[in-house]
Amino acid sequence: MVNNKCIFIAIKPHGMQCNFVGEIIKPFEQKGFCLIAMKLIQASEDLLKEHYIDLKDCPFFASLVKSMQSGPGVSMVWEGLKVMKTGRVMLRGTKPMNSRPGTIHGDFCIQVGRNITHCSDSVESAEKEMGL
Ligand code: IDP
Ligand code: MG
């Protein structure tokens, strides 16, 4: 069901707390991508540990899981031609201090521990994350 025409994107709790939900959604709508699912979610510790299981040995894992529980976030699925590749370009770079102006992370955050979005990085991760 999931293919490279779909991407999972989450607005992290910090992005919601800063009132950036509209700013994050707007460029995707403008670009012509289609929002096919959207849910406000307060993620549990267990869900977050599963979501970030690939990072479980990183020194920042515990603080990442904790910060992701600081409030609700927005989970979304966007669909469109090459949205996986283009969506990642529009959002980010993991380290926002290095993100180009004009991207979401380039314009709205600085610290990696306080970046404001997550997006899947492969068809496989999109499938897993949509399931979670
Ligand atoms: P991604 O969000 O671009 O996929 P990942 O490497 O998968 O980047 O990291 C997931 C999340 O972990 C990042 O969005 C960020 O919140 C946090 N993170 C990554 N690297 C660091 C770090 O060096 N210090 C603190 N937090 C980090
Ligand atoms: Mg990642």
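Since the model is a prediction, treat every value here as computed from it, not as a measurement.

Criteria and cut-off values
- Residues numbered from 1 in each chain as written.
- Chains lettered and ligands numbered in written order.
- Predicted model: local features only at pLDDT ≥ 70, side-chain atom pairs only at ≥ 80, totals over all residues.
- Heavy atoms only, no water.
- Helix = DSSP H or I, 4+ residues; strand = E, 2+ residues; numbered from the N terminus.
- Rg over C-alpha atoms; globule rule 2.2 N^0.38 Å.
- Buried < 20%, exposed > 50% of the residue type's maximum accessible area, 1.4 Å probe, protein only.
- Contact = heavy atoms within 4.5 Å.
- Lys, Arg positive; Asp, Glu negative; His and termini not counted.
- Charge placed at Lys NZ, Arg CZ, Asp CG, Glu CD.
- Arc of directions from axis to C-beta.

Participant: Help me understand the overall build of the protein in this model?
Facilitator: If you tally the helices and strands in the protein, you get seven helices and four strands. Against the globule reference of 14 Å for 132 residues, the protein gives a C-alpha radius of gyration of 14 Å, in line with a compact fold. In the protein, buried positions account for 40% of the 132 residues. Taking the intrachain contacts of the protein between residues at least 6 apart in sequence as the baseline, contacts between residues at least 24 apart amount to 74%. On the protein, the mean spot of the 16 positive side-chain charges and the mean spot of the 13 negative ones are 6 Å from each other.

Participant: What's the story with unusual backbone geometry in this structure? I'm lost.
Facilitator: As a rule of thumb, non-glycine residues mostly have phi less than zero, and peptide bonds are mostly trans rather than cis. Notably, Asn-19 is not glycine yet its phi reads approximately 60°, a positive angle. Relative to the elements of secondary structure, Asn-19 occurs in the loop between helix 1 (13-17) and helix 2 (21-31). In this structure, Lys-82 takes a positive phi of about 55° despite not being glycine. With respect to the secondary-structure elements, Lys-82 resides in the loop between strand 3 (73-79) and helix 5 (83-91).

Participant: I keep staring at helix 5 and nothing clicks. Help me out?
Facilitator: In an α-helix, one turn spans 3.6 residues; hence positions three or four apart end up facing the same way. Among all positions in helix 5, only Val-83, Met-84, Gly-87, Met-90 and Leu-91 are buried. Summarising the axial view, the buried residues of helix 5 lie within an arc of 130°, below the 170-degree limit, and thus occupy one face. Tucked inside the fold, the buried residues of helix 5 contact strand 1 (6-11), helix 2, strand 3, helix 6 (104-108), strand 4 (117-119) and helix 7 (123-131). Just beyond helix 5, the residue with positive phi is Gly-93, at close to 110°.

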